[in-house]
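What follows is the residue order along each chain.
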Amino acid sequence: MGSEMCIRDSISISMFYIDKQRAIKQQWRISESALLLSAFIGGSFGAAAGMKIFRHKTKHPKFYILVPALLIVHILIIITGIIGILK
């Protein structure tokens, strides 16, 4: 489970980096829905890190609201899983 999360987060942060670079060069971009999907399927930490590190999508409400909300949900899922294992 941990390695899968690392892979999803790595993909997510990479997508934010690539999209930022393409925005600078005025090239074809990764869609906002694809960026949000990467956060939704478990890459929320990578998406949040990508937003912060690359200063990307930080002024778009659907990103500055949804990405942190997904991160909280994913953290709660992880905590619930750990509590379930410890019982």
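Right, let's walk through the structure included here.

Going through the model one piece at a time under the given rule, you end up with two aromatic pairs. Summarising the aromatic geometry, the rings of Phe-16 and Phe-63 are spaced 6.2 Å apart at their centres and angled 85 degrees between planes, so their arrangement reads as edge-to-face. Placement of Phe-16 in helix H1 (residues 2–24) and of Phe-63 in helix H3 (residues 61–86) is noted, with a sequence separation of 47 residues between them. The exposure class assigned to Phe-16 is buried, which follows from its relative accessible area of 0%. For Phe-63, a relative accessible area of 0% translates into the label buried. Between the aromatic rings of Tyr-17 and Phe-54, the centroid separation amounts to 5.2 Å while the plane-to-plane angle is 55 degrees, which identifies the pairing as tilted. Of this pair, Tyr-17 sits in helix H1 while Phe-54 sits in helix H2 (residues 32–54), placing them 37 residues apart in sequence. When its relative accessible area of 41% is taken as the criterion, Tyr-17 is described as partly exposed.

Before going further, it helps to spend a moment on the packing of H1 against H2. Two measures define how a pair of helices packs: the angle their axes make with one another and the distance between the axes. With their axes 7 Å apart at the nearest point, H1 and H2 run at an angle of 60 degrees to one another. Viewed along their axes, H1 and H2 adopt a mutual orientation that is oblique. When you trace H1 past H2, the crossing you get is right-handed. Residue classes in the contact of H1 with H2 are distributed as 14 nonpolar, seven polar and four charged.

Its 23 residues give H2 an end-to-end C-alpha distance of only 16 Å, which falls more than 12% under 33 Å, the value for a rise of 1.5 Å per residue. A bend of about 135 degrees at Gly-43 is the largest found in H2. Of the positions making up H2, those classed as buried are Leu-35, Leu-36, Ser-38, Ala-39, Gly-42, Gly-43, Ser-44, Gly-46, Ala-47, Ala-49, Gly-50 and Met-51. Of the surrounding elements, those touching the buried residues of H2 are H1 and H3. Two residues or fewer after H2 comes Arg-55, characterised by a positive phi angle close to 50 degrees.

Turning our attention to unusual backbone geometry. The phi torsion at Gln-26 lies on the positive side, around 55 degrees, for a residue other than glycine. Within the secondary structure, Gln-26 sits in the loop between H1 and H2. Note on Gln-26: relative accessible area 74%, which makes it exposed.

Parameters and conventions
- Within any chain, residue numbers begin from 1 and follow the written order of that chain's sequence.
- Restriction of local features to residues with pLDDT of at least 70 applies here, the model being predicted, together with a cutoff of 80 or more for giving and counting side-chain atom pairs; totals for whole chains, interfaces and linings are based on all residues.
- Excluding hydrogens and water, the side-chain values take into account all heavy atoms of the structure.
- Side-chain rings of Phe, Tyr and Trp, where Trp is taken by its six-membered ring, are said to pair if the distance between their centres is within 6.5 Å; with planes under 30 degrees apart they count as stacked, over 60 as edge-to-face, and otherwise as tilted.
- Numbering goes from the N terminus for both helices and strands, where a helix is a DSSP run of H or I of at least four residues and a strand is a run of E of at least two.
- In this scheme, a residue with accessible area under 20% of its type's maximum is buried, one over 50% is exposed, and one in between is partly exposed, where area comes from a 1.4 Å probe on protein chains only.
- Helix axes are fitted to C-alpha atoms over the stretch in contact, other axes to C-alpha atoms as well, and angles between N-to-C directions run from 0 to 180 degrees.
- For classification, angles of less than 35 degrees are called roughly parallel, those exceeding 145 degrees roughly antiparallel, those between 65 and 115 degrees roughly perpendicular, and all remaining angles oblique.
- Two helices cross in a left-handed way if the nearer one is turned anticlockwise from the farther one by less than a right angle. They cross in a right-handed way if the turn is clockwise.
- Residue type decides the class: Asp, Glu, Lys and Arg count as charged, Ala, Val, Leu, Ile, Met, Phe, Trp, Tyr, Cys and Pro as nonpolar, and the leftover types, Gly among them, as polar.
- Take the number of residues in a helix, subtract one, and multiply by 1.5 Å to get its expected span.
- Note on bend: at a given residue it equals the angle between the axes fitted to the 7 residues ending there and to the 7 starting there.
- A contact between two residues is defined here by any heavy atoms of the two lying within 4.5 Å.

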